[in-house]
Amino acid sequence: MGITTGWENEQQKTIIITFERPWTWDDFHKAYQGMDELFKSVPHEVDLILDISKGGFPPAGALQEFRRVSEIQHLNLGKIVVVGLPGFFRGMLDILKRIYQGRYHPPDFLFAPTLDKAHELLARCVPGSS
């Protein structure tokens, strides 16, 4: 269990991070470092899928940790799709946006109930893919 990070496709256009309970902040930091290395390994735009459908409730300190990583911008970051977002997480994103409004620009998220729906969302967002 824990968190895995990797390319979602051979074209290296999408990174997927999959959370499976139980996971720790140490797992999270390692996954983030792996994601950072993947972003830096290619010059083109890369979309990000965060699959938290099996991730369970985050460990204590979630607001601070998620805010910290959301402030780091990757120049080639495309769209971010969150899969399986429980109401708690969506509420946490809304809180972050309100608390830090005007201090930094949080990333925009797309939401999908399943991985298949996430792929459909990304395909619809690509010009000429329909």
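Residues numbered from 1 in each chain as written. Predicted model: local features only at pLDDT ≥ 70, side-chain atom pairs only at ≥ 80, totals over all residues. Heavy atoms only, no water.

### Quick word on the nonpolar core
Now for step 1: In terms of nonpolar packing, the biggest core is built from 23 residues, with Ile15, Ile17 and Phe28 touching the most fellow members.
Now for step 2: Of all the elements in the fold, those that place two or more residues in this core are β2 (14-20), α1 (25-40), β3 (46-54), α2 (62-70) and β4 (77-83).
Now for step 3: Listed in part, the 8 residues of the second largest apolar core include Ile16, Ala112, Ala118 and Leu122. (Core = buried A, V, L, I, M, F, W, Y, C linked by side-chain atoms within 4.5 Å. Buried < 20%, exposed > 50% of the residue type's maximum accessible area, 1.4 Å probe, protein only. Helix = DSSP H or I, 4+ residues; strand = E, 2+ residues; numbered from the N terminus.)

### Considering the pairing of strand β1 (residues 2-7)
Now for step 1: The pairing of β1 with β2 spans 6 bridges and is classified as antiparallel. Paired with Thr4 across the bridge in β2 is Thr18.
Now for step 2: Between the antiparallel neighbours β1 and β2 lie 6 residues, among them Gln12 with a positive phi of about 55 degrees. (Pairing = 2+ DSSP bridges.)

### Concerning the side chain of His74
Now for step 1: If you trace the backbone, His74 turns up in the loop between α2 and β4.
Now for step 2: Classification of His74 as buried rests on a relative accessible area of 12%.
Now for step 3: Excluding anything up to four places from it in sequence, His74 contacts Tyr32, Met35, Asp36 and Phe39. (Contact = heavy atoms within 4.5 Å.)

### What about the packing of α1 against α2?
When two helices pack together, you describe them by how their axes are tilted relative to each other and by the distance separating the axes.
Now for step 1: Direction vectors running N to C along α1 and α2 enclose 5 degrees, while the axes themselves pass 12 Å from each other. By the angle between their directions, the pair α1 and α2 is classed as roughly parallel. Residues Trp25, Phe28, His29 and Tyr32 of α1 pack against Ala62, Glu65, Phe66, Arg68 and Val69 of α2.
Now for step 2: Partitioned by chemical class, the residues of the contact of α1 with α2 number 6 nonpolar, 1 polar and 2 charged. (Axes fitted to C-alpha atoms, helices over the stretch in contact; angles between N-to-C directions. Parallel < 35°, antiparallel > 145°, perpendicular 65-115°, else oblique. Nonpolar A, V, L, I, M, F, W, Y, C, P; charged D, E, K, R; others polar.)

### Considerations on the sheet that holds β4
Now for step 1: Read from one edge of the open sheet, 5 strands run β1-β2-β3-β4-β5, paired in mixed fashion. With one partner strand each, in any of the chains shown, β1 and β5 (109-112) form the two edges of the open sheet. Strand-to-strand, the axes of this sheet are offset by a mean angle of 20 degrees, without reference to chain direction.
Now for step 2: Both β2 and β3 contribute to a ladder of 6 bridges, which runs parallel. Across the sheet, the residue bridging to Thr14 is Asp47, located in β3.
Now for step 3: The strands touched by α1 within the sheet are β1, β2, β3 and β4, with β1 carrying the most contacts at an inclination of about 5 degrees.
Now for step 4: Contacts from helix α4 (residues 115-125) reach β2, β3, β4 and β5, with the element oriented near 150 degrees to β4.

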